[in-house]
Every structure is written in C-alpha cells, then in structure tokens.
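# Structural characterization, general
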Amino acid sequence: MKKVLVTFYSRSGNTAEMAGMVANGLTDKGLDVTLKPVEEVSVDSLSGYDGFVIGSPNYFGTMAWPVKKFIDESVKYFKKLDGKAAAAFTSEGMIGGGGDIVVLDILKCFLIHGCVVQGLTSAGHFGPVSVGKPDERVAKEVDVLVEKFASLVQKL
Ligand SMILES: Cc1cc2nc3c(=O)[nH]c(=O)nc-3n(C[C@H](O)[C@H](O)[C@H](O)COP(=O)(O)O)c2cc1C
C-alpha cells in the first residue's frame, strides 16, 4: 500500500480541518495515510512516504513559519525525495489574500526536492484554498485534489 503524509500547521483550526478532509479522502482511495501536525513530523521519516500533502495558513502571503522550518530542515534529505508526489493547500482570511501564492511557495520547495506535482484543471488551480472555515466549495476542491493525487501516487 502506498504511504502518504498529510501534514499541516494550524492555529485556529481551519487548515487542520482541511487536512482532515484530505486525509479522509486519500484513505478512502486506498492509501496508507499518516495525518500529523507539522510540529510532530520528523524529517527523518520523509523517505518512508510515497507522497506528501502539506497545508499551511496564509501568513502574509506565504506559509507559516513552522511549515517553513519543517521544509528547511528537510534539506537533510535533499536528492533523497526525488520522484515522490507532492501537493499543497491553504486557508486564508480573505478572498484575494494571496492563497495561490502560499500553495505555490510550498509546491516550489517540493519541486526543488525533485517531487512530482499534479496540475489541476478545475477548482483551485494549484491546490485547495479555503477562506476561513472550509465550506462546500472547498470540499469540492479537496475532492478534486484527492482524486488526482491518489491516482498520481499509484502511478509513481
Ligand atoms: C500572522 C498572520 C498573518 C496572516 N496573513 C494573512 C494574509 O496575508 N492574507 C490572508 O488572507 N489571511 C491572512 N491571515 C489570516 C489566516 O490565514 C486565516 O485566519 C486562516 O484561516 C488561519 O488558519 P488556521 O485556522 O488553520 O490557523 C493571517 C493570520 C495571521 C495570524
């Protein structure tokens, strides 16, 4: 069974709720999913996964520092995560708050790790973006991501 890490930072619960939706969806698709706050993930575990889905609130148009810290520490495994799958999502406070950039900032790091990212032709183009608490629209975006990401992980 392919193994996926869904990890996130969340202070007021919105990103955590999205992470739960992503993790449940991927589990339903038959993947072995680990769901953990980013502060509890050791970078030493990363090579054991086939894919990563990372969520962060939008903090000033980029990822929150605990997510950046985790990613910076992952440099220890640079060139060791090559060819694994990656996806990202965010929660923000307002429409137009820069959520797409947050998702792209996270994806950029995993592209540098050599990971494979699935583009999305519908919903959030780069990954799900919630404005505040995730609603029906976000649930649909998560469904699209889950479908595509599960398929990608199975192919790799
Ligand atoms: C330090 C800080 C910076 C933020 N910057 C932005 C921002 O640039 N754009 C935006 O739309 N929301 C911004 N927000 C709002 C959060 O992204 C939003 O409340 C989000 O849903 C919080 O996610 P959480 O519930 O998972 O902690 C900011 C919040 C904080 C605390």
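Report on the accompanying structure. (Residues numbered from 1 in each chain as written. Predicted model: local features only at pLDDT ≥ 70, side-chain atom pairs only at ≥ 80, totals over all residues. Heavy atoms only, no water.)

Attention now goes to the site of the ligand. Near the ligand lie 16 residues; those nearest to it are Ser10, Ser12, Thr15, Asn58 and Ser91. Between asparagine 58 and the ligand, the recorded distance is 2.7 Å, taken from a backbone N or O atom to an oxygen atom. The backbone of glycine 61 places a nitrogen or oxygen atom 3.3 Å from an oxygen atom of the ligand. If one sorts the elements of the shell around the ligand by residue count, strand β3 (residues 51–59) sits on top with 3 residues. Its residues assigned to classes, the shell around the ligand shows 4 nonpolar, 10 polar and 2 charged. (Near = heavy atom within 4 Å. Polar contact = N/O pair within 3.5 Å; in protein donor to acceptor, adjacent residues only side chain to side chain. Helix = DSSP H or I, 4+ residues; strand = E, 2+ residues; numbered from the N terminus. Nonpolar A, V, L, I, M, F, W, Y, C, P; charged D, E, K, R; others polar.)

Moving on: the packing of aromatic side chains. On inspection of all chains with the given rule, the structure shows 3 aromatic pairs. Ring centres of phenylalanine 52 and phenylalanine 110 lie 5.8 Å apart, and the angle between their planes is 40°; this geometry places the pair in the tilted category. A residue pair is termed long-range when its members are at least 10 positions apart, and phenylalanine 52 in strand β3 and phenylalanine 110 in helix α3 (residues 99–112) qualify at 58 residues. Residue classification places phenylalanine 52 among the buried positions, given a relative accessible area of 2%. Clustering of aromatic rings is evident, with ring pairs tying together Tyr49, Phe52 and Phe110. (Phe/Tyr/Trp six-rings, centres within 6.5 Å; stacked < 30°, edge-to-face > 60°. Buried < 20%, exposed > 50% of the residue type's maximum accessible area, 1.4 Å probe, protein only.)

Within the secondary structure, lysine 3 is located in strand β1 (residues 3–8). Assessed through its relative accessible area of 34%, lysine 3 is described here as partly exposed. Every residue in contact with lysine 3, bar those within four places of it in the chain, is listed here: Asp32, Gly48, Tyr49, Asp50 and Gly51. (Contact = heavy atoms within 4.5 Å.)

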